[in-house]
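Fold and contact review
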Amino acid sequence: MWPDMELAVIKGVRARLAGPRVTDEVPARVETLVPVVVVRVAGGADDHISDTVTVDVESFGADRAAMWQLAEQARQAVHALAATMAGGVVIDTVDTEQRPVEIPYGNPGVRRAVAVYRLTTRGRTGP
């Protein structure tokens, strides 16, 4: 069984970012809680040796400047996970699939940037 890479990335990013809430879903009334980083597994594949996971990272800020600053901090935090252990999972590599880009959220009280990263692990557990 492959490890929970979503949880590993959340724990790893949370440990590297001081202040923002880091979670796996957008909280209700996110505009009152910013800064917020949301981490979600969006896909992936394995070759029976390594597991490759695609992860979406959403950065929510009160305004454009705060959004971009948080998106860059989140980017650095995700890349810092390469060749480390996060949440009990060995993360071998981290690559950017899509750099942070602004995606309208439909709420005038918050701005959102979304980035996509590819992470690999060999941390298979069990048979």
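Residues numbered from 1 in each chain as written. Predicted model: local features only at pLDDT ≥ 70, side-chain atom pairs only at ≥ 80, totals over all residues. Heavy atoms only, no water.

Scanning the protein for helices and strands turns up 2 helices and 7 strands. Start at the N end of the protein and walk to the C end: the helices and strands fall as α-β-β-β-α-β-β-β-β. Its C-alpha atoms give the protein principal-axis dimensions of roughly 50 × 25 × 25 Å. In the protein, which comprises 127 residues, the proportion classed as buried is 39%. (Helix = DSSP H or I, 4+ residues; strand = E, 2+ residues; numbered from the N terminus. Buried < 20%, exposed > 50% of the residue type's maximum accessible area, 1.4 Å probe, protein only.)

Before going further, it helps to spend a moment on the nonpolar core. If you look at the biggest cluster of nonpolar residues, it comprises 24 residues, and the most contacted ones within it are Val13, Val37, Val39, Val57, Ile91 and Leu119. Taken together, the elements giving at least two residues each to this core come down to α1 (5-16), β2 (36-46), β3 (51-61), α2 (64-79), β5 (89-91) and β7 (111-121). Here this core takes 5 residues from α1, the largest share from any one element. Every residue in contact with valine 39, bar those within four places of it in the chain, is listed here: Glu6, Val9, Ile10, Val22, Thr23, Asp24, Val55, Asp56 and Val57. Judged by nonpolar contacts, the second largest core, of 5 residues, contains Val30, Val36, Val38 and Val110. (Core = buried A, V, L, I, M, F, W, Y, C linked by side-chain atoms within 4.5 Å. Contact = heavy atoms within 4.5 Å.)

Inspection of the entire model under this criterion finds 8 salt bridges. Among the salt bridges present, the one from glutamate 58 reaches arginine 112, with a minimum N-O distance of 3.0 Å. In this pair, glutamate 58 is assigned in strand β3 and arginine 112 in strand β7, connecting sequence segments 54 residues apart. Residue glutamate 58 is classed as buried on the basis of its relative accessible area, which comes to 9%. Note that arginine 75 is salt-bridged to glutamate 72, the shortest N-O span being 3.8 Å. Pair noted here: arginine 75 and glutamate 72 are both in helix α2, with a separation of 3 residues, about one helical turn. The network of salt bridges with shared partners includes Arg40, Glu58 and Arg112. (Salt bridge = Lys/Arg side-chain N within 4 Å of Asp/Glu carboxyl O.)

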